[in-house]
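Observations on the model geometry
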Amino acid sequence: MWRELLPIGRHPDSHGYRRFAWTGADAECRAWFKAQAESRGLDYEVDRNGNQWAWLGDPGAGDAVVTGSHLDSVPDGGAFDGPLGVVSSFAALDELRARQVAFTKPLAIVNFGDEEGARFGLACVGSRLASGQLTVDQAHKLTDGEGISLPRAMEAAGYDPDAIGADHERLARIGAFVELHVEQGRALDLSGDRVGIASAIWPHGRWRFDFRGEANHAGTTRLVDRHDPMLSYAETVLAARREAELAGAVATFGKISVEPNGVNAIPSLVRGWLDSRAADQASLDQVVGGIEKAAREYADAHGIALDIVRESFTPVVEFDHALRDELARILGEETDITVPVLGTGAGHDAGILSGTIPTAMLFVRNPTGVSHSPAEFAAEDDCVAGVLALADVLEGLATS
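The structure contained in this document is the topic of the report that follows. Treat the numbers as computed from the prediction; the structure is a model and nothing was measured.

This brings us to empty space enclosed by the protein. For the structure on display, the rule yields one cavity of 30 Å³ or more. Its boundaries defined by the atoms lining it, the largest cavity holds a volume of some 60 Å³. In this structure, the largest cavity is lined by Trp22, Asn49, Asn51, Gly113, Asp114, Val125, Gly126, Leu129, Leu150 and Met154. Among the elements of the structure, helix 4 (125–131) and helix 6 (150–156) are those that each provide at least two residues to the lining of the largest cavity. For the lining of the largest cavity, the leading source of residues is helix 4, giving three residues.

Okay, here's the thing in structure tokens:
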């Protein structure tokens, strides 16, 4: 399975993945998922929001146990973020069938669409739509960098954008969702453990900063006469680093757009996107508030107009304690590995769904801690340990 997925959407120069929602690479990944489901005799379906499902047993019976993740990527992302969870889900099912496990509950594997938000700027679109956290009107207003709307992109890919919306009936059939994911950090590597259980996801969000100045000639405009938004933006980037360090949080300006974007032209507009995350809401508010205050001061000093828009936000997610404890009990009794419980600053579909259904996560060790990069990695024996841990969990949950 892993070898089949590896070439899909991989850029020949960067060697990173560009599997963006509703593109050709995304379609290839979806075709792969469907083939995996059908080759195992699972009932395959696509829901109203484009999420793919593979069912063993009757979905209508309720109290289903669901696992899976996503197959899309960030720009030049790694091979493991998302796909490891989907591949491991199919492998865990194969393991359970080899054990001749008799399930008493329906079991499903899911591929949630557009988890990374690389194309339309909003993460976890598939799960947000299903849970009602993203309205139809909001979804229809999403556009990519070329001005193509989400409905237009879905329609071009062969899906019906008029069908999207909350899917409460589907989610009501699910008793538990367990997502396996490569760890995005080095906690497991430092502790020497192969697999971990998630405790919580830090609150996090994305903010857009629009610095508007005055375009002018780079060679003839005196420094004192300039209204250069790039200066205010650059100072704000440095302020973000300072504020994050003070609060023990993280803040990143990872995307920028400049107009008119000429080497010999002073910009008229610099648009930068801030991603910030912290262990608690108070710390996140402190960081973002400090960045906004500094940005406005820098903008005023240079005669720059500034607009700040919060494009997305996810509050702190405490995974279902009972389900988390059940995972720890199952793995503690059935395996000879220690399974630590750890938090994460990364967002996931399991986090989005946690307000609607019981969710939990398993992490697989990442020896470098690198993620959202071609250097992302997990050793094969650790991946196998993750599959076996997931299989034990699914057996424990779907046969009880």
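Note that soluble globular proteins tend to have their nonpolar side chains buried in a common cluster. Membership of the largest hydrophobic core comes to 49 residues, with the highest contact counts inside it found for Trp32, Phe33, Leu327, Leu362 and Leu397. Broken down by element, this core gets its largest block of residues, ten residues, from helix 13 (residues 380–398). With near-sequence residues (within four places) excluded, Trp32 lies in contact with Met1, Glu4, Leu5, Leu71, Val86, Val87 and Phe90. Ala249, Leu284, Val288 and Ile291 belong to the second-largest nonpolar core, a separate cluster that totals 22 residues.

Moving on, we come to the pairing of strand 2 (residues 52–56). Of all five residues making up strand 2, four are buried, and the element is well covered by its neighbours. Bridge analysis of strand 1 (residues 43–46) against strand 2 gives four bridges, and the strand direction is antiparallel. For Tyr44, the partnering residue across the bridge sits in strand 2 and is Ala54. Hairpin connection between strand 1 and strand 2: a loop of five residues separates the two successive antiparallel strands, and Gly50 in this loop has a positive phi of roughly 90°.

Turning to the packing of aromatic side chains, a few remarks are in order. Under the criterion given, the structure shown has 13 aromatic pairs. Consider the rings of Trp2 and Phe80, whose centres lie 4.8 Å apart with planes at 40°: the pair is tilted. Residue Trp2 is located in helix 1 (residues 2–5), and its partner Phe80 is located in the loop between strand 3 (64–69) and helix 3 (83–98); the two are separated by 78 residues in the primary sequence. Ring centres of Phe33 and Tyr44 lie 6.4 Å apart, and the angle between their planes is 50°; on these two criteria the pair is classed as tilted. A residue pair is termed long-range when its members are at least 10 positions apart, and Phe33 in helix 2 (residues 24–39) and Tyr44 in strand 1 qualify at eleven residues. Judged by relative accessible area, which is 0%, Phe33 ranks as buried. Among the aromatic residues, those joined into a cluster by ring pairs are Trp32, Phe33, Tyr44 and Phe90.

Before going further, it helps to spend a moment on the packing of helix 9 (residues 229–247) against helix 10 (residues 281–301). Packed helix pairs are specified by the crossing angle of their axes together with the interaxial distance, meaning the distance between the axes. The N-to-C vectors of helix 9 and helix 10 enclose an angle of 155°; their axes lie 9 Å apart at closest approach. The pairing of helix 9 with helix 10 is recorded here as roughly antiparallel in orientation. Of the two elements, helix 9 crosses helix 10, and the hand of that crossing is right-handed. Contact with helix 9, carried on its side by Ser232, Glu235, Thr236, Ala239, Ala240, Arg242, Glu243, Ala244 and Ala247, involves Ser283, Gln286, Val287, Gly290, Ile291, Ala294, Ala295, Tyr298 and Ala299 of helix 10 and no other residues of that element. The residue inventory of the contact of helix 9 with helix 10, partitioned by class, reads ten nonpolar, five polar and three charged.

For the rest of this paragraph, the subject is the side chain of Arg19. Following the sequence through the fold, Arg19 ends up in the loop between helix 1 and helix 2. Within the buried set, Arg19 has no salt-bridge partner at all; the shortest N-O distance to an opposite charge, 8.3 Å, is to Asp26. Ignoring any residue separated from it by four or fewer positions in sequence, one finds Arg19 in contact with Leu5, Leu6, Ile8, Gly9, Ala25, Cys29, Leu71, Asp72, Ser73 and Pro83.

On strand 14 (residues 341–344), burial follows the alternation: Leu342 and Thr344 on one face are buried, whereas Val341 and Gly343 on the facing-out side are not. Of the pairings in the sheet, the one linking strand 6 (residues 195–201) to strand 14 comprises three bridges and is parallel in character. Its bridge partner lying in strand 14, Ala198 is registered against Leu342.

It is worth spelling out the environment of Phe20 at this point. Summarising the element assignment, Phe20 is placed in the loop between helix 1 and helix 2. Spatially, the C-alpha atom of Phe20 lies 12 Å from that of Val125, the residues being 105 residues apart in sequence. For Phe20, the contacting residues outside a window of four places in its chain are Asp26, Ser73, Val74, Pro75, Ala118 and Arg119.

Going through the model one piece at a time under the given rule, you end up with 27 salt bridges. Across the pair Arg186 and Asp189 runs a salt bridge whose closest N-O atoms are separated by 2.8 Å. Take Asp189: its relative accessible area is 25%, and that puts it in the partly exposed class. Salt-bridge contacts for Glu245 lead to Arg241; the nearest nitrogen and oxygen are separated by 3.1 Å. With a gap of four residues between them, Glu245 and Arg241 both fall in helix 9, about one helical turn apart. In terms of burial, Glu245 and Arg241 fall into one category: exposed. Through salt bridges that share partners, Arg208, Asp210, Arg212, Arg271, Asp307 and Glu311 make up one connected network.

Calculation notes
One numbering rule holds for all chains: residues counted from 1, following each sequence as written. Selection of residues for local features in this predicted model requires a pLDDT of at least 70, selection of side-chain atom pairs for listing and counting requires 80 or more, and totals for whole chains, interfaces and linings are taken over all residues. For side-chain calculations, the full set of non-hydrogen atoms in the structure is used, while hydrogens and water are omitted. A pocket, in this scheme, is an open set of points on a 1 Å grid over the protein atoms alone with protein on both sides within 12 Å along at least 5 of 7 lines, while a cavity is a set where a 1.4 Å probe fits but cannot get out; residues line either one if an atom lies within 4 Å of a point. Grid points are joined across faces, edges and corners, and a volume is the space filled by probe spheres set on the points. Comment: elements are numbered from the N terminus, with helices defined as DSSP H or I runs of at least four residues and strands as E runs of at least two. Residue types Ala, Val, Leu, Ile, Met, Phe, Trp, Tyr and Cys, when buried and joined through side-chain atoms within 4.5 Å, form a set referred to as a nonpolar core. The classification of residues rests on relative accessible area computed with a 1.4 Å probe and restricted to protein chains. Under 20% of the type maximum is buried, over 50% is exposed, and intermediate values are partly exposed. Any pair of residues with heavy atoms lying within 4.5 Å of one another is described as a contacting pair. Note on pairing: DSSP must find at least two bridges between two strands before they are called paired. The pairing test for Phe, Tyr and Trp rings, Trp by its six-membered ring, is centres within 6.5 Å, and the orientation test on the planes gives stacked under 30 degrees, edge-to-face over 60, and tilted for anything in between. Each axis is a line fitted through C-alpha atoms, taken for helices only over the stretch in contact, and angles between the N-to-C directions span 0 to 180 degrees. Between 65 and 115 degrees an angle is taken as roughly perpendicular, under 35 as roughly parallel, over 145 as roughly antiparallel, and anywhere else as oblique. Whether a crossing is left-handed or right-handed is set by the direction in which the near helix is turned from the far one by less than a right angle, anticlockwise for left-handed and clockwise for right-handed. All residues other than Ala, Val, Leu, Ile, Met, Phe, Trp, Tyr, Cys, Pro, Asp, Glu, Lys and Arg, Gly among them, are scored as polar; the first ten of these are nonpolar and the last four charged. Under this rule, positive means Lys or Arg and negative means Asp or Glu; His and the chain ends count for nothing. Salt bridges are counted wherever a side-chain nitrogen of Lys or Arg sits within 4 Å of a carboxyl oxygen of Asp or Glu.

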